[in-house]
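# Reading the structure
Below are the chains, spelled out letter by letter.
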Amino acid sequence: MRMFDSISYTRRIRWRIRGLWLVVLGMLAYMVIVGETGGGDSRTMTQLAEIVSRLIFFGGLIYILVQIYRNKKLLSSPGLLRGQRLLEQDERRMWLHDKSGGVVVDLLLVVLLFSTLTAALYHQILFFFSLCLLLLTAALKGIAWLVYDRKGLGGWE
């Protein structure tokens with residue numbers, strides 16, 4: 001039995017929106033802390049580190065704001081809400097997600113994004129190492145998803 005089965009889907013969406021706003025606040029606090037500690041000095045950063053750090057931070061911020069907008073739009077339209085709930089409860093998609101690493105790999109990707117961003121702002125050798133780990137993890141998850149999706153393994157034919 002899943003942990004949030006007793007909570008209505010509408011309430012879950014509201015909690016998701018609150019959580020996303022907390023992430024936005026955390027990202028803004030992170031930006032202030034990096035600025036105060038002298039991180040992100042363009043004299044010590046390579047151009048790749050500068051591009052990747054901006055892409056991760058601002059791309060992540062835009063992605064989160066779009067998710068907040070989408071979730072608020074779901075709450076205003078019962079038809080969209082019903083469709084999204086069916087999509088999230090699709091057993092095949094849930095199976096593919098689990099086979100490609102599930103929540104553990106998703107959390108690992110978030111941690112690697114954070115570590116790559118931080119390393120890009122402070123230490124270039126660690127940045128390149130963290131970036132390689134991030135790209136390898138994302139590639140492995142994507143390849144596993146594609147392999148299981150195309151093969152129809154596990155009775156999903």
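Details of the structure are given in the entry above.
The present account deals with the structure reproduced in this document. Since the structure is predicted, the reported quantities are computational estimates derived from the model, not experimental observations.

### Topic: the environment of Phe127
With respect to the helices and strands, Phe127 occurs in helix α6 (residues 124-151). For Phe127, a relative accessible area of 0% translates into the label buried. Put simply, Phe127 and Thr37 are 90 residues apart on the chain and 18 Å apart in space, counted from C-alpha to C-alpha. Beyond its immediate stretch of four places on either side in the chain, Phe127 contacts Leu48, Ala49, Val52, Thr116, Ala119 and Ala120.

### Quick notes on the packing of helix α5 (residues 102-122) against α6
Direction vectors running N to C along α5 and α6 enclose 155 degrees, while the axes themselves pass 8 Å from each other. In terms of their interaxial angle, α5 and α6 are classed as roughly antiparallel. Every pair of crossing elements has a handedness; the one defined by α5 and α6 is left-handed. Judged by residue contacts, Gly102, Val105, Asp106, Leu108, Leu109, Leu112, Leu113, Ser115, Thr116, Ala119, Ala120 and Tyr122 of α5 engage Gln124, Leu126, Phe127, Ser130, Leu131, Leu133, Leu134, Thr137, Ala138 and Lys141 from α6. Looking at side-chain class alone, the contact of α5 with α6 contains 14 nonpolar, six polar and two charged residues.

### Thoughts on helix α2 (residues 47-76)
Because each turn of an α-helix spans 3.6 residues, side chains separated by three or four positions end up pointing in the same direction. An ideal rise of 1.5 Å per residue puts 44 Å on 30 residues; α2 measures up with 43 Å between its terminal C-alpha atoms. Within the span of α2, buried status applies to Ala49, Val52, Ser53, Ile56, Phe57, Leu61, Ile64, Gln67, Ile68, Asn71 and Leu74. Elements that come into contact with the buried residues of α2 comprise α1 (9-36), α3 (78-88), α5 and α6.

### Description of the side chain of Ser53
Looking at the element boundaries, Ser53 is found in helix α2. On the basis of relative accessible area, Ser53 is assigned to the buried category, the value being 6%. When neighbours within four sequence positions are excluded, Ser53 is seen to be in contact with Met45, Leu117, Ala120 and Leu121.

### Quick look at the packing of helix α4 (residues 91-99) against α6
Interaxial distance between α4 and α6 falls to 9 Å at its minimum, and their mutual angle equals 135 degrees. It follows from the interaxial angle that α4 and α6 lie oblique. Regarding α4 and α6, the two cross each other, and that crossing is right-handed. In contact with Arg92, Arg93, Trp95, Leu96, His97 and Lys99 of α4, α6 contributes Lys141, Ala144, Trp145, Tyr148 and Asp149. Here the residues of the contact of α4 with α6 sort into five nonpolar, one polar and five charged.

### Quick look at the environment of Ser100
With respect to the secondary-structure elements, Ser100 resides in the loop between α4 and α5. Taking relative accessible area as the criterion, Ser100 reaches 5% and is therefore assigned buried. Spatially, the C-alpha atoms of Ser100 and Val147 are 9.2 Å apart, while their sequence positions differ by 47 residues. Not counting chain neighbours up to four residues away, the residues in contact with Ser100 comprise Val105, Lys141, Ala144 and Trp145. Only 3.2 Å separates the side chain of Ser100 from the backbone oxygen of His97, close enough to count as a polar contact.

What counts and what doesn't
- Residues numbered from 1 in each chain as written.
- Predicted model: local features only at pLDDT ≥ 70, side-chain atom pairs only at ≥ 80, totals over all residues.
- Heavy atoms only, no water.
- Helix = DSSP H or I, 4+ residues; strand = E, 2+ residues; numbered from the N terminus.
- Buried < 20%, exposed > 50% of the residue type's maximum accessible area, 1.4 Å probe, protein only.
- Contact = heavy atoms within 4.5 Å.
- Axes fitted to C-alpha atoms, helices over the stretch in contact; angles between N-to-C directions.
- Parallel < 35°, antiparallel > 145°, perpendicular 65-115°, else oblique.
- Left-handed = near helix turned anticlockwise from the far one by under 90°.
- Nonpolar A, V, L, I, M, F, W, Y, C, P; charged D, E, K, R; others polar.
- Expected span 1.5 Å × (residues − 1).
- Polar contact = N/O pair within 3.5 Å; in protein donor to acceptor, adjacent residues only side chain to side chain.

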